[in-house]
Structure formats: C-alpha cells, structure tokens
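Secondary and tertiary structure notes
Each chain is listed here by its residues.
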Protein chains: 2
Amino acid sequence: MTNLSKQEALVQYAAQIGDNGLIIGHRMSEWCFRAPSIEMEMALMNCALDLIGQARELYTYAAKLDGTGKTEDDFAYLRDEKDFRNLLLAEVPNGDWGDTIVRLFFMSAYNKLFFTALTKSTDEELAAIGAKSLKEVTYHLRFSSEWLIRLGDGTDESHERVQKSINDLWAYTGELFTMTDGEKMLLEEGIAVDTAALKPEWDQIVTDVLTQATLSRPENKWAHKGGKAEGIHTESFGYIIADMQFMQRRYPGCSW
Amino acid sequence: MTNLSKQEALVQYAAQIGDNGLIIGHRMSEWCFRAPSIEMEMALMNCALDLIGQARELYTYAAKLDGTGKTEDDFAYLRDEKDFRNLLLAEVPNGDWGDTIVRLFFMSAYNKLFFTALTKSTDEELAAIGAKSLKEVTYHLRFSSEWLIRLGDGTDESHERVQKSINDLWAYTGELFTMTDGEKMLLEEGIAVDTAALKPEWDQIVTDVLTQATLSRPENKWAHKGGKAEGIHTESFGYIIADMQFMQRRYPGCSW
C-alpha cells in the first residue's frame, strides 16, 4: 500500500498531527489584537498557544525519530507547502468570529476524540503527548461549544450568520475521518488512531451542541480532501507559510 | 544636510520612485480574480502592470548607477522593509473597491504631475522614464477619476462609502509633497522634481474631480509621513514583502 518504512511513516504521522496544531494555531493567532473583547482575545490566544505548543512537542518527537539532526524549527520553518499534511479544516481563513468558532468547534470535537484514542497508542511518546494535549483540547471544545450556543441561540443575525459558517465549513469535516496509507500501516501496529472510527462519536457531539444552539446540521455531500493524504492545500495556504516562514527564510538560522 | 554622495542620492531617488510603482502595483494585483467585473479586472491589472513596469525600469537604472553588479531583482526581492522608500499611500490595504479607486486617484493625480516634471530632469534617463510613464499614469488618472465620479454621484450608499474612503485616505496625501534631504540635493542639480511645488496643481485636480463627484474635500489636518524619508512603514507592509519576496527567499537566485 505504501512505500514508507515504519520509521518514515511514524515521522510523518507525528509531523502531520503537529501540522494541525501549528496551522490552526497560526490562523487563530491572526486574531491577536482583533478579537471582539479582551477576554475573548486572551481565551483565543491561549487556545492558539496550546495548539502551537502541541505542534512543538510533536515536531520535536518527529525530529528525534528522523535522526538526521533536524529540530522542531526545521518542521515549522523549512518545509514547503506540499510537506505540510494538516487537515484542510485547520487552514481555512478566519472569516468572522462565528467562522473561527465553528472551525475551532469542529476541530476540537475531533481533537478530543483523537487525543483520547492516542493515549492508548503503543508508542509511549505519542501516548504521553496525547494525554497532555487532551486536557487542552477538552477546554477548547468547551469554549467553542459555549460560543456556538451563544451565537446560534442568540439574535436573529447571529443565528443566521453562524448557520452560514456551519454550512460553509461542513465540507471540510469529511477529511477528518479519512486515513492515509501511512496511518493504516501504523494502525496495524497499534500506534495510530483509527480516525474513521471516531465519526459516530464526533457526529454525536456535533449534533448535541447544534441542537442546543438551535442550529441545523447540514447534509453530508461532497467533501474536500487532499491535505493530510497528499499535501494539496487550499489557495490561501501559501500565504500562511510565506508569513510564518519569512523571517527564517530571510535570516536563515536566526534565533532570538 | 545629508551624508549621501550625489551618486548614492541618485540611486536612492530612482529606487524610491520605483518603490511607489512596485508597492501600489502589488496592492492592485491583489484584486486579481476579485474585481467587480471582468472589464474592471482587466483595467485594474493593466494599471498594476504599468506601475510594476515603471518600477522595473527605475530599479534597472538604480542597479546600473549602483555599479556593484545588482539587478532590478535585488531591489524588489532582496531589500528589507526599511530599504523601501515608497509613499505610505502606496501601501495602504486595498479595502473595498472605493478605497482602491480613491488610493489610485490620489496617486495618479500626483504621478501625472510628478512624471510631467520629471521629463524636464537634467538626468536624461530619468527624463525618458518620466516621458514613458506619463502616458500610462494619465490613463490611470482618467480611469480612477471616472470611477470616483460614478461612485460619488451614484447611489446614496456608494456616495457615503466613497466619501468615507476619501476621508480615511486623506491623511496619507500630505506625504506626497514632502521632500527628503536627498531630493533637495538632487533638486539643486536639476535632477529631482520639486514635489512641494506640485501641491497647488494637485489640489486643483482633486477639487475638480471631487466637485463633479458631489463629494467633499476633507480639511488638511495631521498627515502620516516617514515612508519615503525614513522607510518607516504601516503595519501591513511586512506582509506585502513576506508575500512578494517569499519565493526568492525560499529559492535564492531562482529564475523562470
């Protein structure tokens, strides 16, 4: 199925989980100084820092496994667009506050189930990262759920707008439950999470919160994919890495 | 007044005129695939290409004068934020269509007067670039004036919104008529344009078009400055060069 060795698959697996955190964390950091209130600014930036922190641990582990002297910075700053294997949901532009909340809600519901499962990985390092991350993403899910209920069950305008956010982002949720060949190989070893198996529980979380929020769940139709399997990104991704990597590209090897 | 040699001042002068074209041209190119109609897309992209073309000629001349083997690409892709000496008006974000039209209108009215004067420069190369550019910016002024009249003398909403664009961008017009020490030195040689002297005629063009557009002229109050004199830019400038220079920073020396 895949030409990757187990070690290569594991490097890629750790990096791709890190990519989700780095990219959605970077997107959320774009709200810095722009959030609707100072409390929400702090809450959102804390979530962003959690996610970027997860990426750092995962990249550090990937670098160790890689064994060619790389560091976490090589993964964040010196890879090209196609090397990033995040879920496309992580990279979609912030849009308005409702779009950002819905994106975080979909991702956090997934992350909670994903990291719960990862704690049972036979790879002890991944299991430990899963346990630490789980506490963080559980808070992200609570934060984003509360906001989704507040917006959905709020004014006519907030309801209408956040319903549109859900409809717009729905097509990015299908990819969450796909599996790459590398993941399937690692699943057989008890290392990787069976993401396809997370769907029923994710559906349940989403349905429960949408119901409380008086919002409708869109039908499953066509879904975007290609991010985690192939590194094929949406149009705006290049701008994320241009922004994120510019300093390191301009001053190679720079440090604080 | 300045420690620059005449040659250094001339390199900087050619580059700073080029910077205006490159930066506003880059901003306008951000509209690509997003303009309100295909005709406007083509018109705006043609203006952008004219301005970027002017930058290329000016950078090529600056590189020749510099005499250290640089090319136009060094000026566009390998300088840092503080080296760019464009007028701040050129770099302000696109905003809506009205903001983009007003920015182009203010800049084109200035460019028309500036390049007309530059044709009389004692530096033959600059005089020739001035003559070629003049035809282009004359069209830009006509295009943006017509749109300004259409928006100002259009619906209540277009009138109100474009008036806001004018009010918002007005504070960036004061810098157009400032002069750097380098410019003053070159003015004494008959090389540089006396930009301070362009103001009455610029005022006249602006007042005439605003009157036709049924729009009000804001009062002159505080004005932004620091772009052309010191390379101190607005917050969004770093993102322009991260975007514009990324490919060259990622693949140094790359060519098509």
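Residues numbered from 1 in each chain as written. Chains lettered and ligands numbered in written order. Predicted model: local features only at pLDDT ≥ 70, side-chain atom pairs only at ≥ 80, totals over all residues. Heavy atoms only, no water.

1. Overview of the side chain of Ser165(A)
Put simply, the rule is: By the criteria applied, helices consist of DSSP H or I runs no shorter than four residues and strands consist of E runs no shorter than two, each listed in order from the N terminus. The contact definition used throughout considers only heavy atoms, calling two residues in contact when any of these lie within 4.5 Å.
Relative to the helices and strands, Ser165(A) is located in helix α7 (residues 156-170). Leaving out residues up to four positions away in the same chain, Ser165(A) has contacts with Asp96(A), Gly98(A), Asp99(A) and Val102(A).

2. Considerations on the pattern of salt bridges
The cut-off we apply is this: For this document, the term salt bridge refers to a Lys or Arg side-chain nitrogen within 4 Å of an Asp or Glu carboxyl oxygen. Any residue under 20% of the maximum accessible area for its type is buried, any over 50% is exposed, and the rest in between are partly exposed; the area is computed with a 1.4 Å probe on protein chains only.
Counted under the stated rule, the structure contains 36 salt bridges over all chains. Residues Arg161(A) and Asp96(A) are paired through a salt bridge, measuring 3.0 Å at the closest nitrogen-oxygen approach. Of the two residues, Arg161(A) sits in helix α7 while Asp96(A) sits in the loop between α4 (88-91) and α5 (97-118), which places them 65 residues apart along the sequence. Lys6(B) is the partner of Glu189(B) in a salt bridge, and the nearest nitrogen-oxygen pair spans 3.8 Å. You can see Glu189(B) sitting in the loop between α7 (181-188) and α8 (199-212) and its partner Lys6(B) sitting in helix α1 (residues 6-29), a full 183 residues away along the chain. According to the relative accessible area criterion, Lys6(B) is partly exposed, its value standing at 40%. Several salt bridges share partner residues, and in doing so they unite Glu57(A), Lys132(A) and Glu136(A) into one network.

3. Details of the environment of Gln248(A)
Residue and element names in this part refer to chain A. To keep it simple, the criterion reads: Polar contact is the term for a pair of N or O atoms within 3.5 Å; when the atoms are in protein, one must be able to donate a hydrogen and the other to accept it, and sequence-neighboring residues count only if both atoms are side-chain atoms.
Within the secondary structure, Gln-248 sits in helix α11 (residues 237-250). With relative accessibility at 12%, the residue Gln-248 sits in the buried group. Along the backbone, Gln-248 and Met-179 are 69 residues apart, and their C-alpha atoms lie at a distance of 32 Å. Leave out the neighbours within four places in its chain, and Gln-248 touches Tyr-77, Leu-78, Gly-253 and Cys-254. A distance of 2.7 Å separates the side chain of Gln-248 from the backbone nitrogen of Gly-253, its partner in a polar contact.

4. Quick word on the interface of chain B and chain A
The condition is simple: The term buried area refers to how much accessible surface (probe radius 1.4 Å) is lost by two components on association, counted for both of them together. Three categories are distinguished: nonpolar for Ala, Val, Leu, Ile, Met, Phe, Trp, Tyr, Cys and Pro, charged for Asp, Glu, Lys and Arg, and polar for the others, with Gly belonging to the last.
Taken together, the 12 residues of chain B in the interface contact 12 residues of chain A. Of the roughly 1,100 Å² buried where chain B meets chain A, counting both sides, 55% is carbon and sulfur surface. Three residues, Phe246(B), Arg249(B) and Arg250(B), lead the burial of chain B against chain A; their summed loss comes to 48% of the area buried on that side. At the junction of chain B and chain A, the tally comes to 4 salt bridges. Here Glu235(A) and Arg34(B) are joined by a salt bridge, their closest N and O atoms 3.4 Å apart. The interface formed by chain B and chain A holds 6 residue pairs in polar contact (both at pLDDT 80 or more) in total. In terms of residue class, the side of chain B that touches chain A is built from 5 nonpolar, 1 polar and 6 charged.

5. A closer look at the relation of the copies chain B and chain A
The line we're drawing: What sets the superposition is a least-squares fit of C-alpha atoms, and only residues with pLDDT of at least 70 in both copies go into it.
Of the transformation placing chain B onto chain A, the axial shift is 0.0 Å and the rotation is 180°, giving an RMSD of 0.0 Å. Taken together, the rotation and translation relating the two chain copies correspond to the operation of a two-fold axis. Taken as a fraction of all interface residues of chain B, those also at the interface in chain A reach 100%, which identifies the copy contact as same-surface.

6. Quick word on the packing of α1(B) against helix α4 (residues 97-118) of chain B
All names here are of chain B. Our working rule: To get an axis, a line is fitted to the C-alpha atoms, and for a helix only the part in contact is used. The angle between two axes follows their N-to-C directions and goes from 0 to 180 degrees. Throughout, the term roughly parallel applies to angles under 35 degrees, roughly antiparallel to angles over 145, roughly perpendicular to angles from 65 to 115, and oblique to all others. Working rule for handedness: look at the near helix, and if it is turned counterclockwise from the far one by less than a right angle, call the crossing left-handed; if clockwise, right-handed.
Relative orientation of the contacting elements α1 and α4 amounts to 150°, with a least axis distance of 13 Å. Between α1 and α4, the interaxial angle falls into the category roughly antiparallel. Here α1 runs over α4; the crossing is left-handed. Contacts between α1 and α4 involve Tyr-13, Ile-17, Ile-24, Arg-27 and Met-28 on the former and, on the latter, Arg-103, Leu-104, Met-107, Phe-114, Phe-115 and Leu-118. When the residues that make up the contact of α1 with α4 are grouped by side-chain class, the tally is 9 nonpolar, no polar and 2 charged.

7. A word on the packing of aromatic side chains
Note the following rule: Aromatic rings from Phe, Tyr and Trp, with only the six-membered ring used for Trp, were paired whenever their centres fell within 6.5 Å, and each pair was classed as stacked if the ring planes differed by under 30 degrees, edge-to-face if by over 60, and tilted otherwise.
Evaluation of the coordinates by the stated rule reveals 26 aromatic pairs over all chains. Aromatic pair Phe177(A) and Trp202(A): ring centres 5.2 Å apart, planes at 65°, arrangement edge-to-face. In this pair, Phe177(A) is assigned in the loop between α7 and α8 (181-188) and Trp202(A) in helix α9 (residues 199-212), connecting sequence segments 25 residues apart. Here Phe177(A) matches Trp202(A) in class, with each residue buried. Judged by centre distance (5.3 Å) and plane angle (90°), the ring pair of Trp31(B) and Trp97(B) falls under edge-to-face. Here the residue Trp31(B) occupies a position in the loop between α1 and α2 (38-66), and Trp97(B) occupies one in helix α4, the gap between them amounting to 66 residues.

8. Quick look at α9(A)
All names here are of chain A. To be explicit about the condition: Expected span of a helix, by definition, is 1.5 Å for each gap between consecutive residues, and there is one gap fewer than residues.
In this model, α9 (14 residues) spans 20 Å end to end at C-alpha, consistent with the 20 Å of a helix rising 1.5 Å per residue. Where α9 is buried, its residues meet α5, α6 (124-152) and α7. Among the residues trailing α9, Thr-214 stands out with phi positive, at a value near 55°.

9. Here we look at unusual backbone geometry
Unlike most non-glycine residues, Thr214(A) shows phi in positive territory, near 55°. Thr214(A) gets classed as partly exposed once you look at its relative accessible area, which sits at 41%.

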